[in-house]
Structures are given as C-alpha cells and as structure tokens.
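# Understanding the architecture of this molecule
In case you want the letters, here they are:
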Amino acid sequence: MTLEEITDMVWEVLGEPSDLDPDTVNGAARLTRYVNMAQRDVSHYRFPDGHILRFPVLEAESFFQIKTASGTINGAVTTSDKTVTLSTDVGVEADRYNGWVIKCGSDTLFITDYSGARVATLNKAWPSVHADATAFTLYKRYMRMVRSSDAWAADDFILDPVTGLYSIQLLENVTTQIVVPLSERTNSGVASLLTVGTPQEYWLRGNAIYFDVPVENTDWYRLEYLRNPTDLDSTDLANERPELPEVWHEAVMLRAIWWGFLRSQEPAMKYTAKGDFEDCMLRTRQQLELQFDRIDAGIEVEV
C-alpha cells in the first residue's frame, strides 16, 4: 500500500475531519505522522504471549573506529599540579575531552573538565614531574552515537540514537574478530577508569556505548543492531510506502487509525480501533506461520 492509500483510508475512518484532509499540506503531514508512529509500533510489537516481532528488513550494521588524540603538553607540570595545558594538536572546544584519560610517561590521570583554553583539570595531582613538550595520548572508554551535525562528531560515530537505533544485537572487534559481550545488568558498571587496555565488555548509557576500560588501540568495530523504520515523507504520498512487508500494511493503517482517535479524544472508538489492530496483528502472524517459514515471511518471532 502506498502512503496515499493508507492516509486516505485513515482519513475516511476518522470521519474525514477537515484538518486531516490528506489533500492539504497540513492534513497530509498530520496523517503521515500517525502512519510513522504506527509503523514503529508494528515493527517491534510484543504479542500477548510475550513473543516479539522482528523484521529482517530492519536489521542493520554500522562500523566505527576507536578514537584517540595525541600531542605535547604546554609547560612543565609538577607533583602539585592538578591541571595541564595541551598543545594545539587537540581540539579547543570546552568539555570535549571530559571523561577521557591522559597518559603522559608512566602517569595516567582522568580528565574531569576541559576548558576552551585547552586546559584539562585532572582527578588528582601528577604523580611525576613532566617537562614542557612531553608527549601525551588521550584515551576514552565510550563512543557516542551522534548525528553528523553534532559537536565533536569526529570523536564518535554517526548513528542517530533517536530515530536510527532500536536495540543493539552484537558488537564485534573487526581487527581481532572477537565479540565484545554486553555487561549483565546486575553488574555495577564501574570501569577501571585509569587502566588503558582492551575492552572485555560494554553497556549502554544514554546515547553512548561504554567499555569497561579506556580503549588503547584504534581498532574498528562492527555494530549489528535493529533500527526503526524510516519515516515516510508527507510530500510524496503517491510513491512512499512503509518499509515493512506489505502483508503488515493493514496493521499499520489500523494503528494509525488508533492514533487518530487518540487525538480526537474518542475513547470508545479508540478502544475499538485497538481491538481491530490487535486482531489484525495476531491474524497476520498466524497466517504467515501456517503458510511460510518465518524467515521467508520476512519476520521472526522471538521471546
């Protein structure tokens, strides 16, 4: 079904309200918003028996490389100093290196704050004296998922954590060909902040992948993940289609109707639409399980 067909049906069932007329710019935009929310609901639907719907078409992978930074210090530091000024080899933006560690000679310290003057505030005083122009390297234990327009995107990797990512399935070090396991939720997640090394596990925090140690080698990693379906464009109703297999488009339409009744605050109609949607989801699943192998039907149903 095209987006035009879906929005027309949704509009008709909702009673053809003038502000949702798909032939108007605002109406098409509103209806398309309902359809986009609906296809996200369908794409990760949990059935009453606990099984979760998975679509192979929404499986994706991304590659990223661990980032470090290096240069020399500006000015000598002593064992009473809790700061250090870095050279122009690194970025000047305030807070850019917060949470990184700096390794200078045999000393490794944690950066608690970084100013626009390239001054790094450390977690404690330097254990050793370091002369002016001593070489340093910065390491970090996290990689943020960011948009290309985000600040310091060069330090992280491009993957929109809001619209692009639903859940991570696997993280693999491409260089060593070793899978990095997800940390158990029962773990405290306290990292060895000052021990630079090779990650043994990771966990998610906010929009970032955190490793158990600051990562020493600039290896490449492969991320397998489930993504959300791409939003449809209300300016191209005739050509846009939901990414999900067409057998599920009826469910997308019914869920969009539910969103429409939610907007109009009609609880009785919303309740009916919810039942129609759930019946459609179950009926479609049963038909596909009877007729095809799950992989051939374009879905997987997992606990």
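That block above? That's the structure.
Throughout what follows, the structure given in this document is the object of discussion. Everything numeric in this text was worked out from a predicted model, so none of it was measured. (Residues numbered from 1 in each chain as written. Predicted model: local features only at pLDDT ≥ 70, side-chain atom pairs only at ≥ 80, totals over all residues. Heavy atoms only, no water.)

### Here's the deal with the packing of helix α2 (residues 25-43) against helix α3 (residues 249-264)
For the pair α2 and α3, the least separation of the axes is 8 Å and the interaxial angle reads 125°. In terms of orientation, α2 lies oblique with respect to α3. Crossing geometry of α2 relative to α3 is assigned as right-handed. Of α3, the residues touching α2 (which contributes Y34, V35, M37, A38, Q39, D41 and V42) are A251, V252, R255, A256, W259, G260 and R263. For the contact of α2 with α3, the class distribution of residues is nine nonpolar, two polar and three charged. (Axes fitted to C-alpha atoms, helices over the stretch in contact; angles between N-to-C directions. Helix = DSSP H or I, 4+ residues; strand = E, 2+ residues; numbered from the N terminus. Parallel < 35°, antiparallel > 145°, perpendicular 65-115°, else oblique. Left-handed = near helix turned anticlockwise from the far one by under 90°. Contact = heavy atoms within 4.5 Å. Nonpolar A, V, L, I, M, F, W, Y, C, P; charged D, E, K, R; others polar.)

### Here we look at the sheet that holds strand β9 (residues 142-146)
On the basis of which strands lie adjacent, the open sheet formed by four strands has the order β10-β9-β14-β13 and mixed pairing. Looking at the sheet topology across the chains shown, the edges are occupied by β10 (157-158) and β13 (202-205). Across two bridges, β9 lies against β10 in parallel orientation. What sits directly across from V146, in β10, is I158. (Pairing = 2+ DSSP bridges.)

### A short note on a nonpolar patch on the surface
Residues F63, V174 and W220 make up a contiguous nonpolar surface patch of about 280 Å² in total accessible area. As for its placement among the helices and strands, V174 is situated in the loop between β11 (165-173) and β12 (178-179). (Patch = residues over 30% accessible without salt bridge, like charges linked within 9 Å, V, L, I, M, F, W, Y side chains within 5 Å. Areas by Shrake-Rupley, 256 points an atom, 1.4 Å probe, with all protein chains shown as cover. Salt bridge = Lys/Arg side-chain N within 4 Å of Asp/Glu carboxyl O.)

### A few points about the nonpolar core
V10, V42, W248, I257 and M281 are the most contacted members of the largest nonpolar core, which has 35 residues in total. Breaking this core down by element, the ones donating at least two residues are α1 (3-13), α2, α3 and α4 (267-291). The residues contacting M281, other than those within four sequence positions of it, are V42, Y45, F47, L53, W248 and A251. Core analysis: the next-biggest nonpolar cluster, separate from the first, contains 22 residues, L86, V90, W100 and W126 among them. (Core = buried A, V, L, I, M, F, W, Y, C linked by side-chain atoms within 4.5 Å. Buried < 20%, exposed > 50% of the residue type's maximum accessible area, 1.4 Å probe, protein only.)

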